[in-house]
Amino acid sequence: MSGIQDISVGKLFFEDGLPGFPEMQFFQISKEDANVPFFQMQSTEDESIGFWLADPFVFVPDYQFDLPDYAKAALRLDEEEISVAVLNIITLREKGQVTINLKAPIVINRNNRMAKQVILNEEKYSLRHPLFT
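My aim in this report is to walk through the structure given alongside it, one point at a time. Each chain carries its own residue numbering, running from 1 in the direction its sequence is written. Per-residue local features are limited, in this predicted model, to residues with pLDDT of at least 70; the limit for side-chain atom pairs, both in listing and counting, is 80 or more; totals at the level of whole chains, interfaces and linings are taken over all residues. Computation of side-chain values covers all heavy atoms of the structure but excludes hydrogens and water.

Things to note about the side chain of Ser43
This is how it is decided: A run of DSSP states H or I qualifies as a helix once it reaches four residues; a run of E qualifies as a strand once it reaches two. Both are numbered from the N-terminal end. A 1.4 Å probe rolled over the protein chains alone gives each residue an accessible area, and that area as a share of the maximum for its type sets the label: buried under 20%, exposed over 50%, partly exposed in between. Residues are treated as being in contact if the distance between any of their heavy atoms lies within 4.5 Å.
Examined against the element boundaries, Ser43 turns out to sit in strand β3 (residues 38-43). We classify Ser43 as buried; its relative accessible area is 3%. Ignoring any residue separated from it by four or fewer positions in sequence, one finds Ser43 in contact with Met24, Phe26, Phe27 and Ile49.

Given below as C-alpha coordinates:
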(Lines give C-alpha, C1' and ligand atoms only; values in the text may rest on other atoms or scores of the structure.)
Protein backbone atom coordinates (compact mmCIF):
# COMPACT_ATOMS: atom_id res chain seq x y z
CA MET A 1 0.00 0.00 0.00
CA SER A 2 1.14 3.51 -0.56
CA GLY A 3 0.13 7.07 -0.84
CA ILE A 4 -3.22 8.79 -0.25
CA GLN A 5 -4.61 10.22 -0.32
CA ASP A 6 -7.29 12.20 -1.85
CA ILE A 7 -9.95 10.42 0.15
CA SER A 8 -13.14 12.40 0.10
CA VAL A 9 -15.05 13.11 3.26
CA GLY A 10 -18.27 11.24 3.91
CA LYS A 11 -19.62 8.08 5.46
CA LEU A 12 -17.62 4.92 6.03
CA PHE A 13 -18.99 1.45 6.72
CA PHE A 14 -17.04 -0.98 8.94
CA GLU A 15 -18.82 -4.31 8.46
CA ASP A 16 -17.12 -5.85 11.52
CA GLY A 17 -16.87 -2.61 13.50
CA LEU A 18 -13.53 -1.52 14.91
CA PRO A 19 -11.39 -3.53 17.35
CA GLY A 20 -12.79 -2.62 20.75
CA PHE A 21 -15.97 -1.23 19.19
CA PRO A 22 -17.49 -4.16 17.26
CA GLU A 23 -20.99 -2.69 17.43
CA MET A 24 -19.90 0.57 15.75
CA GLN A 25 -20.24 0.22 11.99
CA PHE A 26 -21.00 3.68 10.61
CA PHE A 27 -18.59 6.59 10.84
CA GLN A 28 -18.39 10.00 9.27
CA ILE A 29 -14.98 11.14 8.11
CA SER A 30 -14.23 14.83 7.81
CA LYS A 31 -11.33 17.18 7.31
CA GLU A 32 -11.21 20.77 8.49
CA ASP A 33 -8.46 21.96 6.17
CA ALA A 34 -7.64 20.43 2.80
CA ASN A 35 -3.96 21.33 3.25
CA VAL A 36 -3.33 19.29 6.41
CA PRO A 37 -2.91 15.50 6.67
CA PHE A 38 -5.38 15.06 9.56
CA PHE A 39 -8.93 13.75 9.53
CA GLN A 40 -11.66 13.27 12.10
CA MET A 41 -13.67 10.04 12.19
CA GLN A 42 -16.85 10.20 14.25
CA SER A 43 -19.32 7.40 14.94
CA THR A 44 -22.80 8.19 13.62
CA GLU A 45 -24.22 5.68 16.12
CA ASP A 46 -22.62 7.07 19.29
CA GLU A 47 -21.45 10.68 19.29
CA SER A 48 -19.03 9.98 22.14
CA ILE A 49 -16.91 7.69 19.91
CA GLY A 50 -14.46 9.45 17.62
CA PHE A 51 -10.87 9.29 16.47
CA TRP A 52 -8.23 11.51 14.93
CA LEU A 53 -6.60 10.03 11.85
CA ALA A 54 -3.53 10.96 9.84
CA ASP A 55 -2.18 10.28 6.39
CA PRO A 56 0.76 8.01 7.35
CA PHE A 57 2.72 8.69 4.17
CA VAL A 58 3.26 12.33 5.18
CA PHE A 59 5.06 11.25 8.36
CA VAL A 60 6.52 7.87 7.34
CA PRO A 61 7.19 8.10 3.58
CA ASP A 62 8.43 4.51 3.32
CA TYR A 63 5.33 3.06 5.06
CA GLN A 64 4.15 0.11 3.04
CA PHE A 65 2.50 -3.26 3.51
CA ASP A 66 0.74 -5.97 1.60
CA LEU A 67 -2.98 -6.03 2.22
CA PRO A 68 -3.94 -9.55 3.40
CA ASP A 69 -6.43 -11.49 1.28
CA TYR A 70 -8.99 -11.58 4.12
CA ALA A 71 -8.95 -7.77 4.20
CA LYS A 72 -9.34 -7.52 0.42
CA ALA A 73 -12.35 -9.83 0.63
CA ALA A 74 -13.89 -7.90 3.54
CA LEU A 75 -13.50 -4.63 1.64
CA ARG A 76 -14.92 -6.20 -1.55
CA LEU A 77 -11.83 -5.15 -3.50
CA ASP A 78 -11.60 -6.15 -7.13
CA GLU A 79 -8.14 -7.60 -7.84
CA GLU A 80 -7.90 -5.75 -11.14
CA GLU A 81 -8.76 -2.33 -9.78
CA ILE A 82 -7.72 -1.81 -6.19
CA SER A 83 -8.55 1.73 -5.17
CA VAL A 84 -7.86 2.26 -1.50
CA ALA A 85 -6.95 4.98 0.95
CA VAL A 86 -4.98 4.34 4.11
CA LEU A 87 -5.30 6.33 7.32
CA ASN A 88 -3.98 5.64 10.79
CA ILE A 89 -5.30 6.50 14.24
CA ILE A 90 -3.31 9.08 16.18
CA THR A 91 -3.28 9.43 19.95
CA LEU A 92 -2.29 12.29 22.22
CA ARG A 93 -0.26 10.85 25.09
CA GLU A 94 1.32 12.14 28.27
CA LYS A 95 3.60 15.17 28.10
CA GLY A 96 2.15 16.21 24.74
CA GLN A 97 3.56 13.26 22.83
CA VAL A 98 1.55 12.32 19.74
CA THR A 99 1.77 8.78 18.34
CA ILE A 100 0.42 7.09 15.23
CA ASN A 101 -0.69 3.46 15.12
CA LEU A 102 1.22 2.02 12.16
CA LYS A 103 0.46 -1.55 13.22
CA ALA A 104 -3.28 -1.28 12.49
CA PRO A 105 -4.09 1.01 9.56
CA ILE A 106 -7.63 1.81 8.50
CA VAL A 107 -7.99 0.81 4.88
CA ILE A 108 -10.84 2.31 2.87
CA ASN A 109 -12.23 1.03 -0.42
CA ARG A 110 -12.72 4.30 -2.29
CA ASN A 111 -15.36 2.80 -4.58
CA ASN A 112 -17.86 1.47 -2.03
CA ARG A 113 -16.76 3.35 1.14
CA MET A 114 -16.24 0.10 3.07
CA ALA A 115 -13.48 0.34 5.66
CA LYS A 116 -11.55 -2.07 7.84
CA GLN A 117 -8.90 -1.67 10.50
CA VAL A 118 -6.28 -4.22 9.50
CA ILE A 119 -3.83 -5.56 12.06
CA LEU A 120 -0.53 -6.11 10.26
CA ASN A 121 1.89 -8.96 10.88
CA GLU A 122 4.89 -6.77 10.03
CA GLU A 123 7.06 -6.50 13.13
CA LYS A 124 8.65 -3.26 11.96
CA TYR A 125 5.53 -1.21 12.69
CA SER A 126 4.50 -0.02 16.13
CA LEU A 127 1.20 0.77 17.80
CA ARG A 128 2.83 3.90 19.21
CA HIS A 129 5.15 5.33 16.57
CA PRO A 130 6.05 8.94 17.51
CA LEU A 131 4.36 11.28 15.04
CA PHE A 132 6.78 14.12 15.67
CA THR A 133 10.41 13.64 16.61
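Looking at the pattern of salt bridges
Here is the rule: What counts as a salt bridge is simple: a side-chain nitrogen of Lys or Arg found within 4 Å of a carboxyl oxygen of Asp or Glu.
Under the defined criterion, the tally for this structure stands at two salt bridges. Of the charged contacts in the structure, one is a salt bridge between Arg76 and Glu15, with a shortest N-O distance of 3.0 Å. You can see Arg76 sitting in the loop between α2 (69-74) and β5 (84-92) and its partner Glu15 sitting in the loop between β1 (10-13) and β2 (26-30), a full 61 residues away along the chain. Taking the relative accessible area as the measure of exposure, Arg76 reaches 44% and is therefore partly exposed. For Glu15, a relative accessible area of 32% translates into the label partly exposed. The salt bridge involving Lys116 is made with Asp16; its shortest N-O contact spans 3.4 Å. Of this pair, Lys116 sits in strand β8 (residues 115-117) while Asp16 is found in the loop between β1 and β2, placing the two residues 100 residues apart along the sequence.

A few points about empty space enclosed by the protein
What counts here: Method remark: on a 1 Å grid restricted to protein atoms, a set of points is classed as a cavity if a 1.4 Å probe fits but cannot get out and as a pocket if it is open with protein on both sides within 12 Å along at least five of seven lines; lining residues have an atom within 4 Å of a point. Grid points are joined across faces, edges and corners, and a volume is the space filled by probe spheres set on the points. Residue polarity is assigned by list, with Asp, Glu, Lys and Arg as charged and Ala, Val, Leu, Ile, Met, Phe, Trp, Tyr, Cys and Pro as nonpolar; anything else, Gly included, falls into the polar class.
Scanning the entire structure with this criterion turns up one cavity of 30 Å³ or more. Approximately 50 Å³ is the volume found for the largest cavity. The wall of the largest cavity is formed by Phe14, Glu15, Asp16, Gly17, Ala74, Met114, Ala115 and Lys116. Looking at the lining of the largest cavity, its residues break down into four nonpolar, one polar and three charged.

A closer look at the packing of aromatic side chains
Rule in force here: Each aromatic pair joins two rings of Phe, Tyr and Trp (for Trp, the six-membered one) with centres within 6.5 Å, and gets the label stacked for planes under 30 degrees apart, edge-to-face for over 60, and tilted for any other angle.
In the structure shown here, the tally under the stated rule is eight aromatic pairs. Ring centres of Phe14 and Phe27 lie 5.3 Å apart, and the angle between their planes is 75 degrees; on these two criteria the pair is classed as edge-to-face. Of this pair, Phe14 sits in the loop between β1 and β2 while Phe27 is found in strand β2, placing the two residues 13 residues apart along the sequence. For Phe14, a relative accessible area of 0% puts it in the buried group. On the basis of relative accessible area, Phe27 is assigned to the buried category, the value being 0%. Seen in terms of ring centroids, Tyr63 and Tyr125 are 4.8 Å apart; in terms of plane orientation they differ by 70 degrees. Their pairing is edge-to-face.

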